[in-house]
Amino acid sequence: MNSLSEPRKWERFFWPILASALLLALWYYSVRWTGTKVFPSPREVGKGMGELLRHHVLWRDIVDSLRRVAAGFGAAVVLGVPLGLTLGWYPAANQVVNPVMQILRPISPIAWIPVAIIFFGVGDRAAMFLIFLGAFFPIVVACVSGVSNVPSVFRRAGRNFGLTAPQLLAKVLLPAALPQILMGLRIALGIAWLVVVAAEMIAVDSGLGYLVIDSRNSGKRYDLVVAAILMIGVIGLVLDLAFRRLEKLRSVRWGFRFES
Amino acid sequence: MSLTQPVSVPAAVTTKLSVEHVSMVFERDGKSTHVLNDINLEVGDGEFVCLLGPSGCGKSTLLNAMAGFLSPTTGEIKVSGEVVRKPDPRRIFVFQERGVFPWLTVEGNIGFGLSKLPRAEREQRIAHYVKMVGLEGFEKTYPQELSGGMKQRLEVARALAVNPDMLLLDEPFGALDSITRLIMRGELLRIWEAERKTIVFVTHDIDEAVQLADRVVVMSARPAIIQQIVNIDIAHPRDISSPRYLELRDGIFQQIGLAHKV
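Residues numbered from 1 in each chain as written. Chains lettered and ligands numbered in written order. Predicted model: local features only at pLDDT ≥ 70, side-chain atom pairs only at ≥ 80, totals over all residues.

**Examining the overall build of chain A**
Moving on, step 1. In terms of helices and strands, chain A carries ten helices and zero strands.
Moving on, step 2. Counted from the first residue to the last, chain A has its helices and strands arranged as α-α-α-α-α-α-α-α-α-α.
Moving on, step 3. If one aligns the C-alpha atoms of chain A with their principal axes, the spans along those axes are about 75 × 55 × 30 Å.
Moving on, step 4. Sorting the 260 residues of chain A into buried and exposed places 35% on the buried side.
Moving on, step 5. Nonlocal contacts in chain A, meaning residues at least 24 apart in sequence, comprise 72% of its contacts between residues at least 6 apart. (Helix = DSSP H or I, 4+ residues; strand = E, 2+ residues; numbered from the N terminus. Buried ≥ 20, exposed ≤ 12 C-beta atoms within 10 Å, placed from the backbone. Contact = placed C-beta atoms within 7 Å.)

Spelled out as structure tokens, the structure:
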């Protein structure tokens, strides 16, 4: 099998499953051979996962985490998209705001935790604020570059058909920039999911991040720690896959390359 | 005939477009580039004129000025006696096929300039132009699934649908393969004969110009002046091996300074 050949149908499932099985086996035997008492084996983690599900804590934590992401990410979309479109539309305004944004952008949202706690106290709103911060800048940047990269032929064609400025924004610039905006939203959603876990470890007492830290603190239950970590990974994957479905919508499909 | 003076169109035809002493100078990085030098031209209503010249000579710049995307440094361009100041749906600029909107279907593209019309009339107009450019069956198709020639016809249909007086075509067939290009020339002539729009067509292809135009405006290298205006007095459909065709074509080759040998 080389990079050019089309994988056969069974191969598409077989190889990933094999890789996962090998990883599980590696994990299992590493735990056995090193004789560690701290790090759990796959089976213990499976049991831990069952325990979490039976006691219904897992669902509550998942819902709490998702709720915080929805609020923080949602606010970032609602504020970030219009701001990004405006800045892309008025390059002069972008030149004013850009230096400040370039300084704020690389700061990890985690660094804002003490500030968030001063503003919002320990609780939901602090976590949501951190998620908002993490998601906001990638969204604004994607919208700005999406709008400013719209080829001038499209703008000129729009003006030629007599569109007013707001119509040009709605009927030409937004749809032309949409693939890039969606890409930015997807990156931002990934970041939001990273940040919620970190925020929950410090600022609140529920959610998957809290579950990880609480399982360690109350009785060194590393089986539950790893179970929660796996859950975080699976939900992150599901969120990303769900978002990627948007990229296949017919009116944005042209902006993406698909391997398959 | 040496014709650096504007050639007026015959008295029976009204002047649609007039270019009066237009010069264009671009300032970039402190350097000024003189692109157009005192261009004078009149185009009659319903006439098909080709602007022909070497690459980078400023013929596209002139076309952009006619459309209202650029304003001349000096001089004026008038359409139906009105000075051109900004783009207008009465004169539609057709880019190479990359001008179609990839986020809209064939129908959506053709209907793009028709949002003010009542629904029934809009749909009728769309259906009419889908048929005219031979895209029946592709109404719901997105441009990325169309060939280059189909995209180009789609863009022409989108332009015609708003019922403009003029079409300004900027090397519209430049990106197509030579067979498709020949077919598209025939299609364009058919549409022009049906709708009788005034057409200004920019090309650097001498054969293309002589096959299509009523008059060929030969432009020099930068800063461009009009070297010569050649009347193509052959009726359509043109026999491209007839002595008159070859005579006119070779005349232009000589005018541009190309020995007609490869």
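After that view of the structure, there is still more to cover.
**A word on the overall build of chain B**
Moving on, step 1. Assigned secondary structure in chain B consists of seven helices and ten strands.
Moving on, step 2. By the compact-globule yardstick of 18 Å for 262 residues, chain B fits well, its C-alpha radius of gyration being 19 Å.
Moving on, step 3. The principal-axis extent of the C-alpha atoms belonging to chain B is close to 50 × 45 × 45 Å.
Moving on, step 4. Per-residue burial over chain B gives 42% buried out of 262 residues. (Rg over C-alpha atoms; globule rule 2.2 N^0.38 Å.)

**A closer look at the sheet that holds strand β3 (residues 48-52) of chain B**
All names here are of chain B.
Moving on, step 1. Ordered in space as β6-β7-β8-β3-β9-β10, the six strands form an open sheet in which the pairing is mixed. Where the open sheet ends on each side, the last strands, each with one partner, are β6 (91-94) and β10 (226-231). Neighbouring strand axes in the sheet, compared pairwise and without regard to direction, differ in orientation by 15 degrees on average.
Moving on, step 2. Examined bridge by bridge, β6 and strand β7 (residues 166-170) share four bridges and lie parallel to one another. By the bridge assignment, I92 is partnered in β7 with L167.
Moving on, step 3. Docked against the sheet, helix α7 (residues 243-256) engages β9 (215-219) and β10, running at close to 180 degrees with respect to β10. (Pairing = 2+ DSSP bridges. Axes fitted to C-alpha atoms, helices over the stretch in contact; angles between N-to-C directions.)

**Concerning α7(B)**
Residues and elements named next belong to chain B.
Moving on, step 1. Compared with the 20 Å implied by 1.5 Å per residue over 14 residues, the 20 Å span of α7 between its first and last C-alpha is a close match.
Moving on, step 2. Within the sequence span of α7, burial applies to L248, R249 and I252. Summarising the axial view, the buried residues of α7 lie within an arc of 95 degrees, below the 170-degree limit, and thus occupy one face. Residues of α7 that are exposed and point more than 90 degrees away from the buried face comprise P243, E247 and Q254.
Moving on, step 3. Elements in contact with the buried residues of α7: α6 (206-212), β9 and β10.
Moving on, step 4. At the C-terminal side of α7, G257 shows a positive phi close to 90 degrees. (Expected span 1.5 Å × (residues − 1). Arc of directions from axis to C-beta.)

**A short note on the sheet that holds strand β4 (residues 74-79) of chain B**
All names here are of chain B.
Moving on, step 1. With antiparallel pairing, the four strands of this open sheet are ordered in space as β2-β1-β4-β5. Since the sheet does not close on itself, it has two edges, and those belong to β2 (31-44) and β5 (82-83), each with one partner.
Moving on, step 2. Across ten bridges, strand β1 (residues 15-28) lies against β2 in antiparallel orientation. Counterpart to F26 in the pairing with β2 is T33.

**Concerning the nonpolar core**
Moving on, step 1. By size, the foremost hydrophobic cluster in this structure holds 134 residues, and its most contacted members are I131(A), A192(A) and V216(B).
Moving on, step 2. Apart from the residues lying within four places of it in its own chain, the contact partners of A192(A) are V69(A), G72(A), F73(A), I131(A), G134(A) and A135(A). (Core = buried A, V, L, I, M, F, W, Y, C linked by C-beta atoms within 7 Å.)

**Quick word on the packing of helix α3 (residues 57-89) of chain A against helix α4 (residues 91-104) of chain A**
Residue and element names in this part refer to chain A.
Moving on, step 1. Contact geometry of α3 with α4 gives a least axis separation of 5 Å together with a crossing angle of 120 degrees. Comparing the axis directions of α3 and α4 gives the class oblique. Facing T86, L87 and G88 of α3, the residues of α4 in contact are A93, N94 and V97.
Moving on, step 2. Each residue belonging to the contact of α3 with α4 can be placed in one class, and the counts come to three nonpolar, three polar and no charged. (Parallel < 35°, antiparallel > 145°, perpendicular 65-115°, else oblique. Nonpolar A, V, L, I, M, F, W, Y, C, P; charged D, E, K, R; others polar.)

**Focus: the interface of chain B and chain A**
Moving on, step 1. In this complex, chain B contributes 18 residues to the contact, which on the side of chain A involves 15 residues.
Moving on, step 2. Among the residues forming the side of chain B that touches chain A, the class breakdown is 13 nonpolar, three polar and two charged.

**Digging into the environment of E193(B)**
Moving on, step 1. Note on placement: E193(B) falls in helix α5 (residues 178-195).
Moving on, step 2. Here the alpha-carbon distance between E193(B) and F93(B), two residues 100 residues apart in the chain, equals 19 Å.

Keep in mind these values describe shape, not function.
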